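# Results of the structural survey
What follows is each chain in one-letter form.
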Amino acid sequence: MTSPHNMPDADLQKLDFSRYAEQERRERRRSMWTALGFMSPAIVLVSFFLLYPVAYNVYISFTRWRRFTGFDEWGGLSQYQRLLGNPNFSEAMANTIIWVGVSLVLPVAIGLFIAVMLRGQKMEETAKSIFFLPRILAPTAAGVMWFYVYAPDGVLNSILSLFAAEPVSIGWLYNENTITPSIIVAYLWQTVGLAMVLLLLGLAAVPKDPLEAASVEGATRWQIFRHVTLPLLLPTILVVVILSVLAGFTVFDHIWVMARDFPGKRTLSLTVYMYVEAFDRSSWAYASAIAVVLGVIVLSVTWLQVILQDRIDRMTK
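Residues numbered from 1 in each chain as written. Predicted model: local features only at pLDDT ≥ 70, side-chain atom pairs only at ≥ 80, totals over all residues. Heavy atoms only, no water.

## A short note on the overall build of the chain
- Each helix and strand counted, the chain has 12 helices and 2 strands in total.
- Going through the 317 residues of the chain one by one, you find that 35% of them count as buried.
- Put simply, 66% of the contacts in the chain that link residues at least 6 apart link residues at least 24 apart.
- Accessible area of the chain: about 19800 Å², with a carbon and sulfur share of 66%. (Helix = DSSP H or I, 4+ residues; strand = E, 2+ residues; numbered from the N terminus. Buried < 20%, exposed > 50% of the residue type's maximum accessible area, 1.4 Å probe, protein only. Contact = heavy atoms within 4.5 Å. Areas by Shrake-Rupley, 256 points an atom, 1.4 Å probe, with all protein chains shown as cover.)

## Digging into the packing of aromatic side chains
- One pass over the structure, following the stated rule, counts 18 aromatic pairs.
- Between phenylalanine 147 and tyrosine 148, the ring centres sit 5.6 Å apart and the planes meet at 85°, which makes this aromatic pair edge-to-face.
- You can call phenylalanine 147 partly exposed: its relative accessible area is 26%.
- Residue classification places tyrosine 148 among the exposed residues on the basis of a relative accessible area of 55%.
- An aromatic cluster is present here, built from Tyr52, Tyr56, Tyr59, Phe62, Trp74 and Tyr80 joined pairwise through their rings. (Phe/Tyr/Trp six-rings, centres within 6.5 Å; stacked < 30°, edge-to-face > 60°.)

## Structural notes on helix α7 (residues 179-205)
- Taking 1.5 Å of rise per residue, the 27 residues of α7 would be expected to cover 39 Å, and the 40 Å separating its terminal C-alpha atoms lies within 8% of that figure.
- Considering bend angle alone, the principal kink of α7 is centred on threonine 191 and spans about 35°.
- Within α7, 19 of the 27 residues are buried, leaving the element largely enclosed by the surrounding structure. (Expected span 1.5 Å × (residues − 1). Bend = angle between axes of the 7 residues up to and from the residue.)

## Regarding the pattern of salt bridges
- Evaluated as defined, the whole model comprises 4 salt bridges.
- Residues arginine 119 and glutamate 124 are paired through a salt bridge, measuring 4.0 Å at the closest nitrogen-oxygen approach.
- Measuring nitrogen to oxygen at the nearest pair gives 2.7 Å for the salt bridge that ties glutamate 277 to arginine 281.
- Residue classification places glutamate 277 among the buried positions, given a relative accessible area of 2%. (Salt bridge = Lys/Arg side-chain N within 4 Å of Asp/Glu carboxyl O.)

## As for the nonpolar core
- Ile183 and Tyr273 are the most contacted members of the largest nonpolar core, which has 58 residues in total.
- Residue assignment for this core shows that the elements contributing at least two residues are α2 (78-84), α3 (87-118), α5 (139-149), α7, α9 (221-250), α10 (253-258), α11 (270-280) and α12 (284-316).
- Considering every element that reaches this core, the biggest residue donor is α7, with 13 residues.
- Once residues within four sequence positions are removed from consideration, tyrosine 273 is found in contact with Leu83, Asn86, Asn88, Phe89, Ala92, Leu268, Tyr286 and Ile290. (Core = buried A, V, L, I, M, F, W, Y, C linked by side-chain atoms within 4.5 Å.)

## Observations regarding the side chain of serine 61
- With respect to the element layout, serine 61 can be found in the loop between α1 (9-60) and β1 (63-66).
- What makes serine 61 buried here is its relative accessible area of 0%.
- Separated by 2.7 Å, the side chains of serine 61 and tyrosine 80 make a polar contact.
- Among residues more than four places away in sequence, those in contact with serine 61 are Gly76, Gln79, Tyr80, Ala285, Ser288, Ala289 and Val292. (Polar contact = N/O pair within 3.5 Å; in protein donor to acceptor, adjacent residues only side chain to side chain.)

## Describing the packing of α3 against α9
- Taken N-terminus to C-terminus, the directions of α3 and α9 make an angle of 140°; their axes are 9 Å apart at the nearest point. In terms of axis orientation, α3 runs oblique to α9. The element α3 and its partner α9 pack so that their crossing is right-handed. Here Thr96, Trp99, Val100, Ser103, Leu104, Pro107, Val108, Leu112 and Val116 of α3 come into contact with α9, specifically with Phe225, Leu230, Leu233, Ile237, Val240, Val241, Ser244, Val245, Gly248 and Phe249.
- In the contact of α3 with α9, the residues fall into 15 nonpolar, 4 polar and no charged. (Axes fitted to C-alpha atoms, helices over the stretch in contact; angles between N-to-C directions. Parallel < 35°, antiparallel > 145°, perpendicular 65-115°, else oblique. Left-handed = near helix turned anticlockwise from the far one by under 90°. Nonpolar A, V, L, I, M, F, W, Y, C, P; charged D, E, K, R; others polar.)

## Considerations on unusual backbone geometry
- Phi is positive for serine 282, close to 55°, though the residue is something other than glycine.
- Assignment of secondary structure puts serine 282 in the loop between α11 and α12.

The following block contains the structure:
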């Protein structure tokens, strides 16, 4: 048998490389098991409190609920067929799309406008704190506060009465023409601050060299913002859009506290519809089907936005 001392240099190099590769594989396995050991508590908690409830909810959506015996009968697609044939679901879907549209456009547009106006001003930090302050409130607390603002004898009507010939007692939350805009205003009051702060951070990260070059070339402030600042700010804008869209799909507290589904079905969103079916009518399997549909929609929209963000990142590099 040839000893390592008598082996050719090429064979000796191969032997050393194989030993090094085997040692590296052992180190990787050791690192992987060490990482899994540290991650195991989080994996157990996420599996128990997130993955298992999601999987069980999907299973429930394919069953039939019996009040005294539970989910003991396989129902197949019956809950989803009932869902598609229910006009309340169509109304809830339409209202949810409205909320998503509002969450997509208004917080981003208003937040960007405020961020651009505040950027570089002396009172930037103070104004940023004031605009962000509503964000620290719980949505339920904000909904209760705005409920009293919109009450017939509330703050808003009292202010309007100062400029009217007679007392104003408009039921803002009891009129089908004003209820949705009223809740939207309350929702924007609490969500615009986060969009503004994120966009201010994005503006602070924009490099100064392109801005100075455009200024030297004689570009106006609007041209610099449109052709230089805005393209560089697109990744941050997309992050704000993703957060806003997800919030629009899952908005519940403001609607439930301020209006529930009154009047009629003008404020019935998918989250409110799911809650009503589950806890008011005890239709657990049907409510689970609504949750599955909502989850699929949110995941699909998020996936599309992630793809868009990846393309934008490649364009800006």
